[in-house]
Amino acid sequence: QLTNKNYNKFFVSLLAKLKEVVRSGENAAAEVSISEKLASAVREELTRSDDVTVRLPNDAEFEKGWLENPTYVKSRPDRAVMLLTAIDNAMRTNKNEYKHAPESVSVEHLLPQQGSPDDYPYPAEPNQPDGLTPAARRLNIIHTVGNLTLLTGALNASVSNGPFKKKRPAIAENSELRLNARFQNGEITQWLEPEIIERGRDMFIHAKALWPFPAQPDK
């Protein structure tokens, strides 16, 4: 959620510096590989300034955006698929049968966009009033990453707007994605705002490992 108004200048400048790293590395001793020098140059560029137009968000800002900002945008669902696939792959270990998530999957809102309040009742009001109605609070969270998963088209169509008591066992029975492993737990009987936030935090552990804030270069 930081400004992107300087991206054109930033990336042109970064590319120029990387080209210079390649040129200088071609004639240098191979004590440090070109790839390591390129990585170091990128880290240095991303941490050289605190100006809002060139810096990365720190881990705290990243987590806040991860939990609160919409990941799913109707016009570009492919972005959400890319991100969720990366998280699913990061969750895999050598104990899992498959190393990569399949490509033929689509985004599913676990708490449906058109879900019935009878199936997904609004939770109790927060201890600290935020001035929002329950409907507005839900609208703010429904497209966040904690509420999103990946399903095959057939499974997605069969559970899309249904109640969670039918959705959870259907996902548990059919999905092999690590993103959906928690739904093997039959003790999860509801899917509301607190569950969305909890899952988002669990997913952030993998997100922070995948996209860490660059270590400050040695001065």
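Refer to the preceding data block for the structure.
Starting from 1, residues in each chain are numbered consecutively following that chain's sequence as written. Since the coordinates come from a predicted model, pLDDT governs what is reported: local features require at least 70, and pairs of side-chain atoms require 80 or more to be given and counted, while whole-chain, interface and lining totals use all residues. Side-chain metrics in this entry use all non-hydrogen atoms of the structure; hydrogen atoms and water are not considered.

Undergrad: Teacher, can you tell me more about the overall build of the chain here?
TA: Across its full length, the chain holds eight helices and two strands. Secondary structure elements follow DSSP: runs of H or I no shorter than four residues count as helices, runs of E no shorter than two count as strands, and numbering proceeds from the N terminus. Listed by position from the N terminus, the elements making up the chain come as α-α-α-α-β-α-β-α-α-α. Its C-alpha atoms give the chain principal-axis dimensions of roughly 65 × 45 × 30 Å. Exposure is judged per residue with a 1.4 Å probe applied to protein chains only, and the accessible area is read against the type maximum: over 50% gives exposed, under 20% gives buried, and values in between give partly exposed. A total of 219 residues make up the chain; the buried ones form 34% of that total.

Undergrad: Which parts of the structure should I look at to understand the nonpolar core?
TA: Within soluble globular proteins, side chains that are nonpolar tend to cluster in buried spots. Definition used in this section: a nonpolar core is a set of buried Ala, Val, Leu, Ile, Met, Phe, Trp, Tyr and Cys residues joined via side-chain atoms within 4.5 Å. Trp66, Leu84, Val107, Leu150, Leu179 and Met203 are the most contacted members of the largest nonpolar core, which has 19 residues in total. Element by element, the count of residues in this core is highest for helix α4 (residues 77–91), at four residues. Contact partners of Leu179, with chain neighbours within four places excluded, come to Leu84, Ile87, Asp88, Met91, Thr149, Leu150, Arg199 and Met203. By the convention used here, residues are in contact when the closest approach between their heavy atoms is within 4.5 Å.

Undergrad: Which parts of the structure should I look at to understand the pattern of salt bridges?
TA: Just to be clear on terms, a salt bridge is a Lys or Arg side-chain nitrogen sitting within 4 Å of an Asp or Glu carboxyl oxygen. Under the defined criterion, the tally for this structure stands at twelve salt bridges. Across the salt bridge formed by Lys64 and Glu68, the nearest N and O atoms sit 2.8 Å from each other. Residue Lys64 and its partner Glu68 are both found in helix α3 (residues 59–68); the two are separated by four residues, about one turn of the helix. Arg137 is the partner of Glu125 in a salt bridge, and the nearest nitrogen-oxygen pair spans 3.2 Å. You can see Glu125 sitting in the loop between β1 (106–109) and α5 (134–141) and its partner Arg137 sitting in helix α5, a full twelve residues away along the chain. According to the relative accessible area criterion, Arg137 is buried, its value standing at 17%.

Undergrad: Mind showing me how you'd approach the packing of α4 against helix α8 (residues 193–210) here?
TA: To describe two helices that pack against each other, one gives the angle between their axes and the distance between the axes. For the pair α4 and α8, interaxial distance at closest approach is 9 Å and the crossing angle is 95 degrees. Taken together, the axis directions place α4 and α8 in an arrangement best described as roughly perpendicular. Residues Leu84, Ala86, Ile87, Ala90 and Met91 of α4 pack against Met203, His206, Ala207 and Leu210 of α8. In this analysis an axis means a line fitted to C-alpha atoms, helices contributing only their contacting stretch, and an angle means the value between N-to-C directions, from 0 to 180 degrees. Orientation categories follow fixed angle ranges, with anything under 35 degrees roughly parallel, anything over 145 roughly antiparallel, 65 to 115 roughly perpendicular, and all other angles oblique.

Undergrad: For this particular structure, what's the right way to read the side chain of Arg138?
TA: Along the chain, the position of Arg138 falls in helix α5. Given a relative accessible area of 9%, Arg138 falls into the buried group. With residues up to four places along the chain from it excluded, the contact list for Arg138 reads Leu111, Tyr120, Pro121, Tyr122, Pro123, Leu192 and Glu193.

Undergrad: Hey, could you run me through the layout of surface pockets in this one?
TA: Gaps between atoms show up when a probe of the same size as a water molecule is rolled over them. Both cavities and pockets are sets of points on a 1 Å grid over the protein atoms alone; in a cavity a 1.4 Å probe fits but cannot get out, in a pocket the set is open with protein on both sides within 12 Å along at least five of seven lines, and lining residues sit with an atom within 4 Å of a point. Grid points are joined across faces, edges and corners, and a volume is the space filled by probe spheres set on the points. Estimated volume of the largest pocket: approximately 1,300 Å³. Around the largest pocket, the lining comprises 30 residues; the ones closest to its centre are Gln1, Tyr7, Leu56, Pro57 and Phe62. No other element matches the seven residues that α3 contributes to the lining of the largest pocket. Under this grouping Gly is polar, as are all residues other than the nonpolar Ala, Val, Leu, Ile, Met, Phe, Trp, Tyr, Cys and Pro and the charged Asp, Glu, Lys and Arg. Split by residue class, the lining of the largest pocket holds 17 nonpolar, seven polar and six charged. Of the voids in this model, the second largest pocket is the one considered here, and its volume is about 490 Å³. Every residue lining the second largest pocket is counted, 18 residues in all, and those nearest its centre are Asp130, Arg137, Ile141, Glu193 and Ile197. When residues of the lining of the second largest pocket are traced back to their parent elements, those giving at least two are α3, α5 and α8.

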